[in-house]
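Structural characterization, general
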Amino acid sequence: ALVEELDPGGERLLALPCDVQEAEQVKAAFAAVANKWTRLDALVHNAGAGYWGPIGECSEEAWDRSFGTNVKGAFLCSQAALPLMAPQARGRIVMISSMAQRAEGALEAPFAASKRGLQGFAKTMGLELREKGIGVTVIAPGALNTAGFASASEKSQPWYGISAVELARVVMEVLERSPNVWVHELQLTHLGGESHGPDGRDIRDALREHEERLLIRAQGPAEAGESRWIDPAVIEQHNLRAPCFEV
């Protein structure tokens, strides 16, 4: 319905359901693209999955889904895209990684490991494809202000971070650069300014709504490996716009 609304004539947009972990589905999707436009200028691998919790409780299925979506999916999509980019000797491949790949947080081992793998895949593939005029860029954002991240764990409410629109703008800046300029890697964090949660509310409204819960967390002793929210009054006093934790 959205595609029909944005592109009534069906000339500019093509929506295709696809599980990027399945090779045959990926091949079929790119075949449909080739059939419609005959060429491909850019690929943005934005599919992502992860598990957040104790590693002892992580199922094999959750582990495989993290690597299947984040790493294998990137491999399959890139492999399918290359034959469409090669003829014009130009192209852009953008991989959406995560700052989690720096492995600085607990309870996200499968997600962090898979994103680290994606970083390595993107960087080495970039060295290979530069000779073919195809630039590979990996973008590693910090916390994203999306419904998926907000529901990842209880402590994610209220949620701060880079909005989907802000991330999309950075991707477009990469894609619109001169074809002779190769952007290797970008790391993004939320600096400040207006930010809205997954439900459209301003983050300060969300902060006030959850103030009581946050105060209870801040007053209680922090368990090993757990972060505690700082008193919201401190956040308000100093006009802070980023998530504040004390360990």
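Remember, it's a predicted structure, so these values are computed and weren't measured experimentally.

Next up on the list: the nonpolar core. Among the nonpolar cores identified, the biggest contains 22 residues, and Phe30, Leu40, Leu43, Met85, Ile93 and Met95 are the most heavily contacted of them. At the level of secondary structure, the elements contributing two or more residues to this core comprise helix H2 (23-37), helix H3 (60-85), strand E2 (91-96), helix H4 (109-129) and strand E3 (134-141). Considering every element that reaches this core, the biggest residue donor is H3, with seven residues. Discounting residues that sit within four places of it in the chain, Met95 has contacts with His45, Ala74, Ser78, Leu118, Phe121, Ala122, Met125, Thr137, Val138 and Ile139. Within the second largest apolar cluster, ten residues are counted, among which are Val94, Ile96, Val170 and Val171.

Here the focus is a nonpolar patch on the surface. A cluster of nonpolar side chains, namely Leu14, Leu16 and Trp37, defines an oily patch on the protein surface of about 240 Å² accessible area. In this structure, Leu16 sits in the loop between helix H1 (2-6) and H2.

What follows is about the packing of aromatic side chains. Tallying each qualifying case throughout the model produces two aromatic pairs. With centroids separated by 4.9 Å and ring planes inclined at 40°, the aromatic side chains of Trp52 and Phe111 adopt a geometry described as tilted. Of this pair, Trp52 sits in the loop between strand E1 (42-45) and H3 while Phe111 sits in helix H4; the two residues are 59 residues apart in sequence, bridging distant segments of the chain. Judged by its relative accessible area of 28%, Trp52 is partly exposed. By relative accessible area, Phe111 is classed as buried at 5%. The aromatic ring of Trp37 is capped on one face by Lys36, whose charged end is 5.4 Å from the ring centroid.

Next up on the list: the confidence of the model for the chain. Here the chain averages 78 in pLDDT, and 72% of its residues register 70 or above. In this model residues 153-158 is a low-confidence stretch, pLDDT under 50, and it forms 18 contacts with partners more than four residues away in sequence or in other chains. Low pLDDT (under 50) marks residues 234-247, which in the prediction has 30 contacts with non-local residues, meaning those over four places away or in another chain.

Bringing the pairing of E1 into the picture now. Side-chain alternation along E1 places Leu43 and His45 on a buried face and Ala42 and Val44 on a face that remains uncovered. Viewed along the sheet, the connection from E1 through H3 into E2 turns out right-handed.

This brings us to the pattern of salt bridges. A full pass over the atoms with the stated rule returns three salt bridges. Glu24 is the salt-bridge partner of Lys27, the closest N and O atoms lying 3.7 Å from each other. Of this pair, Lys27 and Glu24 both sit in helix H2, three residues apart, which is roughly one turn of that helix. Among the residues examined, Lys27 registers a relative accessible area of 51% and is labelled exposed. You can call Glu24 exposed: its relative accessible area is 58%. A salt bridge links Glu185 to Lys123; its shortest N-O distance comes to 3.0 Å.

The rules we used
All chains use their own residue numbering, which begins from 1 and follows the written sequence. Reporting of local features is limited, given that this is a predicted model, to residues whose pLDDT is at least 70; pairs of side-chain atoms are given and counted only at 80 or more, and all residues count toward the totals for whole chains, interfaces and linings. Each side-chain value is worked out from all heavy atoms of the structure, with water and hydrogens disregarded. Think of a nonpolar core as a cluster: buried Ala, Val, Leu, Ile, Met, Phe, Trp, Tyr and Cys residues, connected wherever their side-chain atoms sit within 4.5 Å. A 1.4 Å probe rolled over the protein chains alone gives each residue an accessible area, and that area as a share of the maximum for its type sets the label: buried under 20%, exposed over 50%, partly exposed in between. By the criteria applied, helices consist of DSSP H or I runs no shorter than four residues and strands consist of E runs no shorter than two, each listed in order from the N terminus. Note on contacts: a residue pair is in contact if any heavy atoms of the two residues lie within 4.5 Å. Candidate patch residues must exceed 30% relative accessible area and have no salt bridge, after which like charges are joined if within 9 Å and Val, Leu, Ile, Met, Phe, Trp or Tyr side chains if within 5 Å. Where accessible areas are quoted, they stem from the Shrake-Rupley method and a 1.4 Å probe; at the residue level, only the protein chains shown are allowed to cover. Just to be clear on terms, a salt bridge is a Lys or Arg side-chain nitrogen sitting within 4 Å of an Asp or Glu carboxyl oxygen. Under the pairing criterion, centres of Phe, Tyr and Trp rings, with the six-membered ring standing for Trp, must be within 6.5 Å; the plane angle then separates stacked pairs below 30 degrees from edge-to-face pairs above 60, leaving the rest tilted. Whether a charge lies above a ring is judged from NZ of Lys or CZ of Arg, which has to be within 6 Å of the ring centre and within 35 degrees of the ring normal. Note: pLDDT gives the predictor's confidence per residue, expressed from 0 to 100. The handedness of a crossover follows from its direction of travel: if, with the strands pointing away from the viewer, the path from the first strand over the helix to the second runs clockwise, the crossover is right-handed.

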